[in-house]
Amino acid sequence: MTIARPPSVSRLLESEGGQVLLAQYGHKPTVAALRAAIEAGRAAESFDEGELLEAAAQGFAASDLPQLRPVWNLTGTVLHTNLGRAILPQAAVDAAAAAMARPVALEYDLATGKRGERDSVLREHLAELTGAPGSVLVNNNAAAVMLVLDTLAKGGEVIVSRGELIEIGGAFRMPDIMAATGAKLVEVGTTNRTHLKDYANAINENTRLIMKVHPSNFRIEGFTKDVTASELAPLAKQHGLPLVNDLGSGTLVDISRYGLPKEPTVAEAVAEGADLVTFSGDKLLGGPQAGFVVGRADLAEKLAKNPMKRALRLDKIRLAALEAVLRSYRAAARPEEAIPILAMLQRPSEEILARAKALAPLVAEALGEDWSVSVEPCRSQVGSGASPTATLPSAGLALRSVGAEEIEGLADRLRALPEPVIGRIAEGALRLDLRCLGRDEEPRFLANLASP
Ligand SMILES: *Cc1c(COP(=O)(O)O)cnc(C)c1O
(Lines give C-alpha, C1' and ligand atoms only; values in the text may rest on other atoms or scores of the structure.)
Protein backbone atom coordinates (compact mmCIF):
# COMPACT_ATOMS: atom_id res chain seq x y z
CA MET A 1 0.00 0.00 0.00
CA THR A 2 1.48 3.35 -1.04
CA ILE A 3 0.42 6.40 0.88
CA ALA A 4 1.32 10.01 0.31
CA ARG A 5 2.49 10.71 3.83
CA PRO A 6 5.08 8.70 5.74
CA PRO A 7 3.61 6.10 8.09
CA SER A 8 4.35 6.47 11.81
CA VAL A 9 7.06 4.33 13.34
CA SER A 10 4.51 2.75 15.70
CA ARG A 11 2.30 1.76 12.77
CA LEU A 12 5.26 0.00 11.11
CA LEU A 13 6.19 -1.64 14.40
CA GLU A 14 2.70 -3.13 14.71
CA SER A 15 2.77 -4.60 11.20
CA GLU A 16 3.72 -8.23 10.64
CA GLY A 17 7.11 -7.28 9.16
CA GLY A 18 7.74 -4.88 12.02
CA GLN A 19 7.05 -7.63 14.55
CA VAL A 20 9.60 -9.90 12.82
CA LEU A 21 12.29 -7.20 13.06
CA LEU A 22 11.35 -6.49 16.69
CA ALA A 23 11.71 -10.15 17.62
CA GLN A 24 15.06 -10.45 15.87
CA TYR A 25 16.81 -7.18 16.66
CA GLY A 26 15.02 -5.70 19.70
CA HIS A 27 13.06 -2.49 20.24
CA LYS A 28 15.64 0.27 20.11
CA PRO A 29 17.59 -0.92 17.02
CA THR A 30 14.33 -1.63 15.17
CA VAL A 31 12.92 1.83 15.88
CA ALA A 32 16.20 3.39 14.72
CA ALA A 33 16.23 1.31 11.53
CA LEU A 34 12.60 2.19 10.73
CA ARG A 35 13.27 5.89 11.32
CA ALA A 36 16.24 5.70 8.95
CA ALA A 37 14.13 3.91 6.33
CA ILE A 38 11.41 6.58 6.62
CA GLU A 39 14.00 9.35 6.22
CA ALA A 40 15.37 7.63 3.12
CA GLY A 41 11.78 7.29 1.88
CA ARG A 42 11.25 11.04 2.35
CA ALA A 43 14.16 11.73 0.03
CA ALA A 44 12.74 9.36 -2.57
CA GLU A 45 9.15 10.46 -1.86
CA SER A 46 8.13 6.83 -1.58
CA PHE A 47 6.40 5.49 1.50
CA ASP A 48 5.34 2.01 0.52
CA GLU A 49 5.16 0.20 3.87
CA GLY A 50 6.46 -3.06 2.46
CA GLU A 51 9.44 -1.27 0.93
CA LEU A 52 10.21 0.63 4.12
CA LEU A 53 10.22 -2.58 6.15
CA GLU A 54 12.37 -4.27 3.50
CA ALA A 55 14.84 -1.37 3.56
CA ALA A 56 15.08 -1.63 7.35
CA ALA A 57 15.64 -5.40 7.10
CA GLN A 58 18.39 -4.92 4.49
CA GLY A 59 20.07 -2.33 6.66
CA PHE A 60 20.17 -4.87 9.46
CA ALA A 61 21.45 -7.62 7.16
CA ALA A 62 24.34 -5.44 5.96
CA SER A 63 25.33 -4.25 9.43
CA ASP A 64 24.86 -7.76 10.81
CA LEU A 65 27.74 -9.18 8.75
CA PRO A 66 30.68 -10.10 10.92
CA GLN A 67 33.80 -8.01 10.52
CA LEU A 68 35.95 -11.12 10.21
CA ARG A 69 33.91 -12.82 7.51
CA PRO A 70 35.23 -14.97 4.67
CA VAL A 71 36.62 -13.19 1.61
CA TRP A 72 37.70 -14.39 -1.81
CA ASN A 73 41.48 -14.17 -2.10
CA LEU A 74 42.05 -13.55 -5.81
CA THR A 75 45.16 -11.44 -5.22
CA GLY A 76 47.46 -14.07 -6.67
CA THR A 77 49.28 -14.37 -3.34
CA VAL A 78 48.47 -17.82 -1.99
CA LEU A 79 49.64 -17.19 1.58
CA HIS A 80 48.39 -13.63 2.05
CA THR A 81 49.30 -12.45 5.54
CA ASN A 82 46.61 -9.75 5.59
CA LEU A 83 44.00 -12.32 4.55
CA GLY A 84 44.95 -14.83 7.23
CA ARG A 85 47.58 -16.92 5.40
CA ALA A 86 46.86 -20.66 5.01
CA ILE A 87 43.38 -22.10 4.77
CA LEU A 88 43.12 -25.42 6.57
CA PRO A 89 42.20 -28.93 5.50
CA GLN A 90 38.63 -29.95 6.36
CA ALA A 91 39.98 -32.55 8.81
CA ALA A 92 41.66 -29.72 10.74
CA VAL A 93 38.51 -27.59 10.67
CA ASP A 94 36.52 -30.53 12.08
CA ALA A 95 39.13 -31.23 14.76
CA ALA A 96 39.19 -27.56 15.81
CA ALA A 97 35.38 -27.43 15.95
CA ALA A 98 35.26 -30.55 18.12
CA ALA A 99 37.90 -29.13 20.46
CA MET A 100 35.88 -25.91 20.76
CA ALA A 101 32.66 -27.66 21.66
CA ARG A 102 33.89 -30.45 23.93
CA PRO A 103 36.43 -31.03 26.69
CA VAL A 104 39.69 -32.53 25.37
CA ALA A 105 42.65 -34.28 27.00
CA LEU A 106 44.87 -31.22 26.62
CA GLU A 107 47.15 -31.62 29.62
CA TYR A 108 45.83 -34.95 30.78
CA ASP A 109 47.45 -38.32 30.24
CA LEU A 110 44.66 -40.71 29.32
CA ALA A 111 46.86 -43.77 29.97
CA THR A 112 47.60 -42.91 33.61
CA GLY A 113 44.87 -40.45 34.51
CA LYS A 114 47.58 -38.04 35.62
CA ARG A 115 48.53 -34.59 34.48
CA GLY A 116 49.98 -34.57 30.97
CA GLU A 117 52.00 -32.17 28.88
CA ARG A 118 50.30 -29.92 26.33
CA ASP A 119 52.85 -30.11 23.51
CA SER A 120 53.19 -33.91 23.68
CA VAL A 121 50.13 -34.23 21.43
CA LEU A 122 52.25 -33.38 18.41
CA ARG A 123 55.66 -34.65 19.47
CA GLU A 124 55.55 -38.06 17.83
CA HIS A 125 54.14 -36.65 14.59
CA LEU A 126 56.85 -34.00 14.49
CA ALA A 127 59.60 -36.52 15.26
CA GLU A 128 58.35 -38.69 12.41
CA LEU A 129 58.01 -35.81 9.93
CA THR A 130 61.16 -33.84 10.80
CA GLY A 131 63.52 -36.33 12.44
CA ALA A 132 63.76 -34.11 15.53
CA PRO A 133 63.09 -35.73 18.92
CA GLY A 134 62.37 -32.46 20.75
CA SER A 135 59.62 -29.95 20.03
CA VAL A 136 57.98 -26.91 21.61
CA LEU A 137 54.87 -25.16 20.30
CA VAL A 138 54.05 -21.50 20.70
CA ASN A 139 51.82 -18.75 19.34
CA ASN A 140 53.75 -18.02 16.13
CA ASN A 141 57.26 -18.15 14.73
CA ALA A 142 58.13 -14.73 16.13
CA ALA A 143 57.33 -16.19 19.56
CA ALA A 144 59.40 -19.28 18.76
CA VAL A 145 62.46 -17.12 18.00
CA MET A 146 61.84 -15.05 21.14
CA LEU A 147 61.56 -18.11 23.35
CA VAL A 148 64.76 -19.59 21.93
CA LEU A 149 66.74 -16.37 22.47
CA ASP A 150 65.26 -15.65 25.88
CA THR A 151 66.03 -19.17 27.08
CA LEU A 152 69.45 -19.73 25.56
CA ALA A 153 71.02 -16.34 24.89
CA LYS A 154 69.76 -13.81 27.48
CA GLY A 155 72.62 -11.60 28.59
CA GLY A 156 74.97 -13.19 26.09
CA GLU A 157 75.89 -12.77 22.45
CA VAL A 158 74.23 -14.19 19.36
CA ILE A 159 76.14 -14.31 16.09
CA VAL A 160 74.14 -13.55 12.94
CA SER A 161 75.26 -12.78 9.40
CA ARG A 162 74.65 -9.18 8.34
CA GLY A 163 73.01 -10.51 5.20
CA GLU A 164 70.30 -12.18 7.32
CA LEU A 165 69.20 -9.28 9.53
CA ILE A 166 65.73 -9.14 8.15
CA GLU A 167 62.59 -7.20 8.79
CA ILE A 168 59.37 -9.03 8.09
CA GLY A 169 56.13 -7.11 7.51
CA GLY A 170 54.38 -5.91 10.64
CA ALA A 171 57.57 -4.92 12.45
CA PHE A 172 59.21 -8.26 13.07
CA ARG A 173 62.82 -7.17 13.03
CA MET A 174 65.40 -9.69 14.03
CA PRO A 175 67.56 -7.09 15.82
CA ASP A 176 64.53 -5.82 17.79
CA ILE A 177 63.48 -9.31 18.84
CA MET A 178 67.00 -9.91 20.07
CA ALA A 179 67.09 -6.65 21.97
CA ALA A 180 63.73 -7.47 23.57
CA THR A 181 65.13 -10.71 24.96
CA GLY A 182 68.31 -9.09 26.26
CA ALA A 183 70.57 -10.94 23.86
CA LYS A 184 73.36 -8.97 22.25
CA LEU A 185 73.46 -9.17 18.52
CA VAL A 186 76.87 -9.67 16.97
CA GLU A 187 76.72 -9.02 13.25
CA VAL A 188 79.33 -10.68 11.10
CA GLY A 189 80.29 -10.35 7.44
CA THR A 190 78.94 -7.74 5.08
CA THR A 191 75.49 -7.37 3.54
CA ASN A 192 76.38 -9.48 0.54
CA ARG A 193 79.23 -11.72 1.73
CA THR A 194 79.81 -13.67 4.91
CA HIS A 195 82.49 -16.35 5.35
CA LEU A 196 82.92 -19.14 7.88
CA LYS A 197 85.96 -17.36 9.33
CA ASP A 198 83.77 -14.31 10.10
CA TYR A 199 81.69 -16.49 12.41
CA ALA A 200 84.77 -18.19 13.88
CA ASN A 201 86.46 -14.83 14.66
CA ALA A 202 83.36 -13.55 16.47
CA ILE A 203 83.14 -16.42 18.95
CA ASN A 204 84.21 -15.54 22.49
CA GLU A 205 83.32 -16.56 26.06
CA ASN A 206 80.08 -14.52 25.94
CA THR A 207 78.78 -16.22 22.80
CA ARG A 208 75.59 -18.19 23.54
CA LEU A 209 74.48 -19.34 20.11
CA ILE A 210 74.89 -19.04 16.36
CA MET A 211 71.79 -18.17 14.43
CA LYS A 212 70.86 -18.56 10.79
CA VAL A 213 67.81 -16.70 9.50
CA HIS A 214 65.98 -17.39 6.27
CA PRO A 215 66.06 -14.15 4.25
CA SER A 216 62.32 -14.47 3.77
CA ASN A 217 61.25 -11.43 1.86
CA PHE A 218 64.27 -10.37 -0.09
CA ARG A 219 67.10 -11.81 -2.13
CA ILE A 220 70.54 -10.34 -2.60
CA GLU A 221 71.88 -11.15 -6.01
CA GLY A 222 75.24 -10.82 -7.68
CA PHE A 223 78.52 -11.03 -5.77
CA THR A 224 77.27 -12.96 -2.74
CA LYS A 225 78.45 -15.59 -0.33
CA ASP A 226 76.67 -17.02 2.63
CA VAL A 227 77.64 -19.82 4.94
CA THR A 228 75.29 -22.80 4.89
CA ALA A 229 73.94 -24.41 8.04
CA SER A 230 75.89 -27.57 7.28
CA GLU A 231 79.12 -25.55 7.16
CA LEU A 232 78.23 -23.82 10.43
CA ALA A 233 77.25 -27.00 12.29
CA PRO A 234 80.83 -28.30 12.90
CA LEU A 235 81.98 -24.84 14.05
CA ALA A 236 79.09 -24.56 16.51
CA LYS A 237 79.73 -28.08 17.78
CA GLN A 238 83.44 -27.47 18.23
CA HIS A 239 82.64 -24.53 20.52
CA GLY A 240 79.72 -26.22 22.27
CA LEU A 241 77.28 -23.61 20.94
CA PRO A 242 73.74 -24.36 19.75
CA LEU A 243 73.13 -23.66 16.06
CA VAL A 244 69.61 -22.28 15.54
CA ASN A 245 68.08 -22.09 12.08
CA ASP A 246 65.01 -19.85 11.69
CA LEU A 247 63.46 -21.23 8.52
CA GLY A 248 60.49 -18.84 8.54
CA SER A 249 58.04 -20.62 6.30
CA GLY A 250 59.32 -24.09 7.03
CA THR A 251 58.02 -26.67 4.60
CA LEU A 252 57.64 -30.41 5.09
CA VAL A 253 57.72 -31.06 1.33
CA ASP A 254 60.25 -30.19 -1.36
CA ILE A 255 58.56 -27.23 -3.06
CA SER A 256 60.72 -27.55 -6.17
CA ARG A 257 58.08 -30.04 -7.30
CA TYR A 258 55.77 -27.05 -7.85
CA GLY A 259 58.33 -25.31 -10.04
CA LEU A 260 59.55 -23.14 -7.15
CA PRO A 261 63.21 -22.79 -6.18
CA LYS A 262 64.38 -25.50 -3.82
CA GLU A 263 64.12 -24.62 -0.11
CA PRO A 264 65.43 -26.89 2.61
CA THR A 265 62.61 -28.84 4.25
CA VAL A 266 62.41 -28.86 8.04
CA ALA A 267 63.75 -32.44 8.01
CA GLU A 268 66.70 -31.35 5.86
CA ALA A 269 67.42 -28.41 8.15
CA VAL A 270 67.44 -30.79 11.12
CA ALA A 271 69.67 -33.25 9.26
CA GLU A 272 72.10 -30.45 8.30
CA GLY A 273 73.03 -30.22 11.96
CA ALA A 274 70.93 -27.38 13.37
CA ASP A 275 70.32 -27.94 17.08
CA LEU A 276 67.01 -26.10 16.85
CA VAL A 277 64.87 -25.19 13.85
CA THR A 278 62.02 -22.67 14.07
CA PHE A 279 59.14 -22.22 11.61
CA SER A 280 55.52 -21.05 11.24
CA GLY A 281 52.31 -23.09 11.31
CA ASP A 282 50.33 -20.99 8.83
CA LYS A 283 52.81 -20.54 6.01
CA LEU A 284 53.85 -23.45 3.76
CA LEU A 285 52.88 -26.01 6.40
CA GLY A 286 49.25 -25.12 5.68
CA GLY A 287 47.91 -25.07 9.24
CA PRO A 288 46.74 -22.48 11.77
CA GLN A 289 48.92 -19.72 13.16
CA ALA A 290 51.55 -21.35 15.37
CA GLY A 291 55.28 -21.38 15.99
CA PHE A 292 57.36 -24.54 16.07
CA VAL A 293 60.73 -25.17 17.63
CA VAL A 294 62.04 -28.64 16.77
CA GLY A 295 65.44 -30.17 17.45
CA ARG A 296 67.47 -31.47 20.38
CA ALA A 297 65.33 -32.85 23.18
CA ASP A 298 67.47 -31.36 25.98
CA LEU A 299 67.21 -27.85 24.49
CA ALA A 300 63.47 -28.23 23.86
CA GLU A 301 63.06 -29.17 27.53
CA LYS A 302 64.86 -26.01 28.61
CA LEU A 303 62.56 -23.93 26.40
CA ALA A 304 59.47 -25.62 27.84
CA LYS A 305 60.59 -24.71 31.38
CA ASN A 306 60.99 -20.99 30.59
CA PRO A 307 58.13 -19.08 32.32
CA MET A 308 57.70 -17.18 29.06
CA LYS A 309 56.42 -20.39 27.47
CA ARG A 310 53.27 -20.08 29.57
CA ALA A 311 52.55 -16.70 27.97
CA LEU A 312 53.25 -17.95 24.46
CA ARG A 313 51.59 -21.36 24.55
CA LEU A 314 49.07 -22.69 22.04
CA ASP A 315 45.38 -23.17 22.83
CA LYS A 316 43.48 -26.44 22.44
CA ILE A 317 41.71 -25.32 19.25
CA ARG A 318 44.88 -24.74 17.29
CA LEU A 319 46.57 -27.80 18.77
CA ALA A 320 43.66 -29.95 17.59
CA ALA A 321 43.87 -28.41 14.11
CA LEU A 322 47.63 -28.89 13.97
CA GLU A 323 47.37 -32.51 15.00
CA ALA A 324 44.92 -33.09 12.14
CA VAL A 325 47.24 -31.30 9.69
CA LEU A 326 50.27 -33.36 10.73
CA ARG A 327 48.22 -36.58 10.61
CA SER A 328 47.17 -35.66 7.07
CA TYR A 329 50.82 -35.27 6.05
CA ARG A 330 51.57 -38.71 7.42
CA ALA A 331 48.48 -40.42 5.99
CA ALA A 332 48.16 -38.95 2.50
CA ALA A 333 49.85 -40.64 -0.45
CA ARG A 334 50.64 -37.16 -1.77
CA PRO A 335 50.51 -34.12 0.55
CA GLU A 336 48.68 -32.02 -2.08
CA GLU A 337 45.69 -34.33 -1.67
CA ALA A 338 45.42 -33.39 1.99
CA ILE A 339 46.73 -29.83 2.29
CA PRO A 340 44.75 -27.14 0.40
CA ILE A 341 47.54 -24.59 0.03
CA LEU A 342 49.83 -27.23 -1.51
CA ALA A 343 47.05 -28.16 -3.94
CA MET A 344 46.80 -24.47 -4.89
CA LEU A 345 50.55 -24.23 -5.50
CA GLN A 346 50.47 -27.38 -7.59
CA ARG A 347 47.51 -26.32 -9.74
CA PRO A 348 48.64 -26.23 -13.39
CA SER A 349 48.25 -22.92 -15.22
CA GLU A 350 46.45 -24.68 -18.11
CA GLU A 351 43.70 -25.78 -15.75
CA ILE A 352 43.38 -22.28 -14.26
CA LEU A 353 43.24 -20.82 -17.77
CA ALA A 354 40.43 -23.22 -18.72
CA ARG A 355 38.43 -22.16 -15.64
CA ALA A 356 39.05 -18.48 -16.45
CA LYS A 357 37.62 -19.03 -19.94
CA ALA A 358 34.57 -20.78 -18.53
CA LEU A 359 33.95 -18.10 -15.89
CA ALA A 360 34.60 -14.97 -17.99
CA PRO A 361 31.13 -14.73 -19.61
CA LEU A 362 29.39 -15.47 -16.31
CA VAL A 363 31.38 -12.81 -14.47
CA ALA A 364 30.72 -10.36 -17.33
CA GLU A 365 27.00 -11.02 -16.96
CA ALA A 366 27.10 -10.45 -13.21
CA LEU A 367 29.01 -7.16 -13.56
CA GLY A 368 26.83 -5.68 -16.30
CA GLU A 369 27.52 -3.73 -19.47
CA ASP A 370 29.87 -1.13 -18.02
CA TRP A 371 32.66 -3.66 -17.62
CA SER A 372 34.69 -5.75 -20.00
CA VAL A 373 36.07 -9.06 -18.80
CA SER A 374 39.05 -10.65 -20.51
CA VAL A 375 41.01 -13.79 -19.82
CA GLU A 376 44.69 -13.07 -19.27
CA PRO A 377 47.75 -14.97 -18.08
CA CYS A 378 49.32 -13.77 -14.84
CA ARG A 379 51.82 -14.90 -12.21
CA SER A 380 50.98 -16.01 -8.69
CA GLN A 381 53.32 -15.84 -5.75
CA VAL A 382 53.60 -17.94 -2.62
CA GLY A 383 53.57 -15.07 -0.13
CA SER A 384 54.49 -14.79 3.56
CA GLY A 385 58.18 -14.72 2.78
CA ALA A 386 58.38 -18.16 1.21
CA SER A 387 60.33 -18.11 -2.08
CA PRO A 388 60.17 -14.31 -2.21
CA THR A 389 61.22 -13.74 -5.79
CA ALA A 390 59.70 -16.82 -7.41
CA THR A 391 56.37 -16.79 -9.23
CA LEU A 392 54.12 -19.45 -10.72
CA PRO A 393 52.41 -19.14 -14.12
CA SER A 394 48.68 -18.64 -13.61
CA ALA A 395 45.63 -17.14 -15.27
CA GLY A 396 42.79 -14.86 -14.35
CA LEU A 397 40.24 -12.26 -15.33
CA ALA A 398 41.10 -8.65 -16.12
CA LEU A 399 38.15 -6.29 -15.53
CA ARG A 400 38.20 -2.94 -17.35
CA SER A 401 35.75 -0.09 -17.39
CA VAL A 402 33.93 0.58 -20.66
CA GLY A 403 31.52 2.98 -18.95
CA ALA A 404 31.88 5.98 -16.67
CA GLU A 405 32.92 4.26 -13.46
CA GLU A 406 36.57 4.23 -12.41
CA ILE A 407 38.28 0.92 -11.77
CA GLU A 408 38.67 1.85 -8.07
CA GLY A 409 34.89 2.11 -7.83
CA LEU A 410 34.50 -1.48 -8.97
CA ALA A 411 37.21 -2.60 -6.55
CA ASP A 412 35.30 -0.83 -3.75
CA ARG A 413 32.04 -2.51 -4.74
CA LEU A 414 33.60 -5.97 -4.88
CA ARG A 415 35.03 -5.40 -1.40
CA ALA A 416 31.57 -4.41 -0.17
CA LEU A 417 29.96 -7.70 -1.24
CA PRO A 418 28.62 -10.07 1.47
CA GLU A 419 31.73 -12.14 0.74
CA PRO A 420 34.26 -9.47 -0.31
CA VAL A 421 36.22 -10.22 -3.47
CA ILE A 422 39.83 -9.05 -3.23
CA GLY A 423 41.80 -8.59 -6.44
CA ARG A 424 44.68 -6.41 -7.51
CA ILE A 425 44.64 -3.24 -9.60
CA ALA A 426 47.45 -3.11 -12.15
CA GLU A 427 47.81 -1.44 -15.54
CA GLY A 428 44.30 -0.04 -15.61
CA ALA A 429 42.53 -3.30 -14.82
CA LEU A 430 41.20 -5.03 -11.73
CA ARG A 431 42.88 -8.42 -11.90
CA LEU A 432 41.46 -11.57 -10.35
CA ASP A 433 43.99 -14.43 -10.25
CA LEU A 434 41.91 -17.63 -10.20
CA ARG A 435 44.56 -19.93 -8.69
CA CYS A 436 42.87 -19.83 -5.27
CA LEU A 437 39.28 -20.19 -6.52
CA GLY A 438 38.41 -23.89 -6.24
CA ARG A 439 36.25 -25.36 -8.96
CA ASP A 440 33.61 -26.49 -6.46
CA GLU A 441 33.47 -22.94 -5.07
CA GLU A 442 32.62 -21.32 -8.42
CA PRO A 443 28.80 -21.38 -8.02
CA ARG A 444 29.05 -19.65 -4.64
CA PHE A 445 31.52 -17.14 -6.07
CA LEU A 446 29.12 -16.24 -8.92
CA ALA A 447 26.09 -16.04 -6.64
CA ASN A 448 28.01 -13.70 -4.36
CA LEU A 449 29.02 -11.49 -7.32
CA ALA A 450 25.39 -11.22 -8.36
CA SER A 451 24.12 -10.28 -4.89
CA PRO A 452 22.40 -6.87 -4.78
C1 LIG B 1 57.47 -15.26 8.72
C2 LIG B 1 58.78 -15.30 9.42
C3 LIG B 1 58.86 -15.08 10.80
C4 LIG B 1 57.65 -14.74 11.61
O5 LIG B 1 56.77 -15.82 11.65
P6 LIG B 1 55.28 -15.62 12.24
O7 LIG B 1 54.75 -17.02 12.28
O8 LIG B 1 54.59 -14.73 11.30
O9 LIG B 1 55.44 -15.04 13.58
C10 LIG B 1 60.10 -15.16 11.41
N11 LIG B 1 61.22 -15.46 10.71
C12 LIG B 1 61.17 -15.67 9.36
C13 LIG B 1 62.44 -15.97 8.65
C14 LIG B 1 59.94 -15.60 8.69
O15 LIG B 1 59.90 -15.81 7.37
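Please refer to the structure placed before this passage.
Overview of the structure. (Residues numbered from 1 in each chain as written. Predicted model: local features only at pLDDT ≥ 70, side-chain atom pairs only at ≥ 80, totals over all residues. Heavy atoms only, no water.)

## Focus on the packing of aromatic side chains
Inspection of every chain in the model, using the stated rule, returns 3 aromatic pairs. Seen in terms of ring centroids, Trp72 and Phe445 are 5.3 Å apart; in terms of plane orientation they differ by 75°. Their pairing is edge-to-face. Of the two residues, Trp72 is situated in strand β1 (residues 72-73) and Phe445 in helix α19 (residues 442-449); the sequence distance between them amounts to 373 residues. Just as Trp72 is buried, Phe445 falls in that class too. Residues Phe279 and Phe292 carry aromatic rings whose centres are separated by 4.7 Å and whose planes lie at 0° to one another, so their mutual orientation is stacked. Residue Phe279 is located in strand β11 (residues 276-280), and its partner Phe292 is located in strand β12 (residues 291-295); the two are separated by 13 residues in the primary sequence. Across this residue pair, the class does not change: Phe279 and Phe292 are buried. (Phe/Tyr/Trp six-rings, centres within 6.5 Å; stacked < 30°, edge-to-face > 60°. Helix = DSSP H or I, 4+ residues; strand = E, 2+ residues; numbered from the N terminus. Buried < 20%, exposed > 50% of the residue type's maximum accessible area, 1.4 Å probe, protein only.)

## A short note on the sheet that holds strand β8 (residues 184-188)
In space, the 7 strands of this open sheet follow the order β4-β12-β11-β10-β9-β5-β8, with mixed pairing throughout. Where the open sheet ends on each side, the last strands, each with one partner, are β4 (134-138) and β8. Taking each pair of neighbouring strands and ignoring which way they run, the sheet shows an average axis angle of 25°. As judged from the 5 bridges shared by strand β5 (residues 157-161) and β8, these two strands associate in the parallel manner. Directly across from Glu157, in β8, lies its bridge partner Lys184. Here helix α7 (residues 141-152) sits on the sheet in contact with β4, β5, β9 (207-213), β10 (243-248), β11 and β12, set at roughly 155° to β11. (Pairing = 2+ DSSP bridges. Axes fitted to C-alpha atoms, helices over the stretch in contact; angles between N-to-C directions. Contact = heavy atoms within 4.5 Å.)

## Concerning the packing of helix α2 (residues 16-25) against helix α3 (residues 27-44)
Packing of α2 against α3 leaves a shortest axis separation of 7 Å and a crossing angle of 135°. In terms of their interaxial angle, α2 and α3 are classed as oblique. For the pair α2 and α3, the crossing hand works out as right-handed. Contacts between α2 and α3 involve Gly18, Leu21, Leu22 and Tyr25 from the former and His27, Pro29, Thr30 and Leu34 from the latter. In terms of residue class, the contact of α2 with α3 is made up of 5 nonpolar, 3 polar and no charged. (Parallel < 35°, antiparallel > 145°, perpendicular 65-115°, else oblique. Left-handed = near helix turned anticlockwise from the far one by under 90°. Nonpolar A, V, L, I, M, F, W, Y, C, P; charged D, E, K, R; others polar.)

## Points about empty space enclosed by the protein
Rolled over the atoms, a probe with the dimensions of a water molecule shows which regions are left empty. Evaluated as defined, the whole model comprises 1 cavity of 30 Å³ or more. In this model, the largest cavity occupies a volume close to 90 Å³. Tallied by class, the residues present in the lining of the largest cavity amount to 5 nonpolar, 6 polar and 1 charged. A domain-level breakdown of the lining of the largest cavity finds at least three residues from each of domain 2 (72-82 + 343-449) and domain 3 (90-335). (1 Å grid on protein atoms, 1.4 Å probe; cavity = no way out; pocket = protein on both sides within 12 Å on 5 of 7 lines; lining within 4 Å. Points joined across faces, edges and corners; volume = space filled by probe spheres on them. Domains from an automatic or database assignment.)

## Focus: the sheet that holds strand β14 (residues 392-401)
Pairing in this open sheet of 4 strands is antiparallel, and the strands run β13-β14-β17-β16 from one edge to the other. Strands with a single pairing partner mark the edges of an open sheet, and in this sheet they are β13 (371-380) and β16 (424-426). Averaged over all neighbouring strand pairs, the angle between strand axes comes to 35°, with direction disregarded. As defined by bridge partners, β13 adjoins β14 across 10 bridges and the pair is classed as antiparallel. Bridge pairing in β14 links Val373 to Leu399. Set on the sheet, helix α17 (residues 349-367) makes contact with β13 and β14; between it and β14 the angle comes to about 15°. Helix-sheet contacts for helix α18 (residues 407-415) involve β13, β14, β16 and β17 (429-433), and the interaxial angle to β17 is about 40°.

## Re helix α5 (residues 90-101)
An ideal rise of 1.5 Å per residue puts 16 Å on 12 residues; α5 measures up with 17 Å between its terminal C-alpha atoms. Regarding α5, the residues found buried are Ala92, Ala96 and Ala99. Here the buried residues of α5 occupy an arc of 65° about the axis, which is enough to place them on one side. Exposed residues on α5 whose side chains face more than 90 degrees from its buried face are Gln90 and Ala101. At its buried positions, α5 is contacted by α14 (316-331). (Expected span 1.5 Å × (residues − 1). Arc of directions from axis to C-beta.)

## Some details on the side chain of Asn448
Here Asn448 lies in helix α19. With relative accessibility at 6%, the residue Asn448 sits in the buried group. Apart from residues lying up to four places away in sequence, Asn448 is in contact with Trp72, Leu417, Pro418, Glu419 and Val421.

## Points about the packing of α5 against α14
Contact geometry for α5 and α14: axes closest at 8 Å, N-to-C directions at 150°. The orientation of α5 relative to α14 falls into the category roughly antiparallel. Relative to α14, the crossing made by α5 is right-handed. Side by side, α5 and α14 meet where Ala91, Ala92, Ala95, Ala96, Ala99 and Met100 of the first sit next to Lys316, Ile317, Ala320, Ala321, Ala324, Val325 and Ser328 of the second.

## Digging into the side chain of Arg118
Residue position: Arg118 is located in the loop between β3 (114-115) and α6 (120-130). Judged by relative accessible area, which is 10%, Arg118 ranks as buried. Here the side chain of Arg118 touches Leu314 through a polar contact of 2.5 Å, landing on its backbone oxygen. When sequence neighbours within four positions are dropped, the list of residues in contact with Arg118 reads Leu106, Glu107, Arg313, Leu314, Asp315 and Leu319. (Polar contact = N/O pair within 3.5 Å; in protein donor to acceptor, adjacent residues only side chain to side chain.)

## Thoughts on the pattern of salt bridges
What the rule picks out here adds up to 31 salt bridges. Note that Arg313 and Glu107 form a salt bridge whose closest N and O atoms lie 3.8 Å from each other. Remark: Glu107 occurs in the loop between α5 and β2 (108-109) and Arg313 occurs in the loop between α13 (307-312) and α14; sequence separation between them is 206 residues. You can call Arg313 partly exposed: its relative accessible area is 29%. Residues Glu323 and Arg327 are paired through a salt bridge, measuring 3.3 Å at the closest nitrogen-oxygen approach. In this pair, Glu323 and Arg327 both sit in helix α14, 4 residues apart, roughly one turn of the helix. Judged by its relative accessible area of 21%, Glu323 is partly exposed. By sharing partners, the salt bridges in this structure join Glu107, Arg115, Arg118 and Arg313 into a single network. (Salt bridge = Lys/Arg side-chain N within 4 Å of Asp/Glu carboxyl O.)

Any link to function would need more than the numbers given here.
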